[in-house]
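Single-letter residue listing:
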Amino acid sequence: MEFPLCTFDLKTGIFCSKCREKIRQGLYDEFDIKVMKLLLELEKRFPRLQKAGYVKAVNGKETIFIVLREGSLRDVKFKDLAALRRILSEKLEKHVRIVEDSNDVIRFIEGVITPARIIAVNKIWLPDGSEEMRVILDDRRRLKVGVNSLVKVVEEVKGVKLNVDFERRWRIRPRKVGKRISQV
Ligand SMILES: [Zn+2]
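This structure is a prediction, so every number in the text was calculated from the model and none was measured.

About the criteria used
- Residues numbered from 1 in each chain as written.
- Predicted model: local features only at pLDDT ≥ 70, side-chain atom pairs only at ≥ 80, totals over all residues.
- Helix = DSSP H or I, 4+ residues; strand = E, 2+ residues; numbered from the N terminus.
- Buried ≥ 20, exposed ≤ 12 C-beta atoms within 10 Å, placed from the backbone.
- Contact = placed C-beta atoms within 7 Å.
- Pairing = 2+ DSSP bridges.
- Axes fitted to C-alpha atoms, helices over the stretch in contact; angles between N-to-C directions.
- Domains from an automatic or database assignment.
- Nonpolar A, V, L, I, M, F, W, Y, C, P; charged D, E, K, R; others polar.

Visitor: What exactly am I supposed to notice about the overall build of the chain here?
Guide: For the chain, the count of helices and strands is 7 helices and 6 strands. Counting helices and strands in the order they occur from the N terminus, the chain gives α-α-α-β-β-α-β-α-β-β-α-β-α. Seen along its three principal axes, the alpha-carbon backbone of the chain occupies a region of about 75 × 45 × 25 Å. When burial is assessed residue by residue, the chain has 22% of its 184 residues classed as buried. Here the contacts in the chain between residues at least 6 apart in sequence split such that 61% fall between residues at least 24 apart.

Visitor: Can you help me understand the sheet that holds strand E1 (residues 54–59) in this one?
Guide: Each strand in a sheet pairs with another by means of backbone hydrogen bonds, the pair being arranged parallel or else antiparallel. The strand order across the open sheet built from 3 strands is E1-E2-E3, with neighbouring strands paired in mixed fashion. Looking at the sheet topology across the chains shown, the edges are occupied by E1 and strand E3 (95–100). Taken pair by pair, the neighbouring strands of this sheet meet at an average axis angle of 15°, ignoring direction. Where strand E2 (residues 63–68) meets E3, 6 bridges bridge the pair, whose relative direction is parallel. Across the sheet, Thr63 pairs through a bridge with His95, a residue of E3. Across the sheet, helix H4 (residues 78–92) is in contact with E2 and E3; its angle to E3 comes to roughly 135°. Packing of helix H6 (residues 147–158) onto the sheet brings it into contact with E1 and E2, and relative to E1 it is tilted by some 140°.

Visitor: So what exactly am I meant to see when it comes to the domain arrangement of the chain here?
Guide: Interface extent is often summarised as the accessible area lost during association of the parts. As assigned here, the chain comprises domain 1 (1–101) and domain 2 (103–170). Using only C-alpha atoms to locate each centre, domain 1 and domain 2 end up separated by 23 Å. At the interface, 13 residues of domain 1 touch 11 residues of domain 2. Secondary structure elements with two or more residues in the side of domain 1 that touches domain 2: E1, E2 and E3. Here the side of domain 1 that touches domain 2 is composed, by residue class, of 5 nonpolar, 2 polar and 6 charged.

Rendered as structure tokens:
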């Protein structure tokens, strides 16, 4: 796999000045280093990963996202991807999702939320001049990743503040309300 830090440095744990600078700038943190080391070890078992490129690992509250360069998973068999995800989930002790990056924010979000789907997208300008993206997803039950983790991965990888809502929330309406309406 192609890593943003030197393979040699990852193996030895001693980083050259170039890598140290990337870490100092906050592009990659301790968690990235841990994940990169793991992927480096697992590459032997999953040789198709050699063509993949590492982008970022995001440790969300409910889900860990490992973001790989667009096209990285094209040649990886579903069976291998599932096995890789299982091993990573065990080693990192949290639900892991492996997703591909995209230049298009919407496409990136679609990859993260699948099998849930985007119904609508709005851009909101906040009073402080910053921009927020509001997405409405089809169904709360179809989203298999945590909402907090989704917001975090989109912010850290795409630099976009995300606000998530659902078309179907599956809330049970209190009976009282229905009664009152029927009486009117
Ligand atoms: Zn280096």
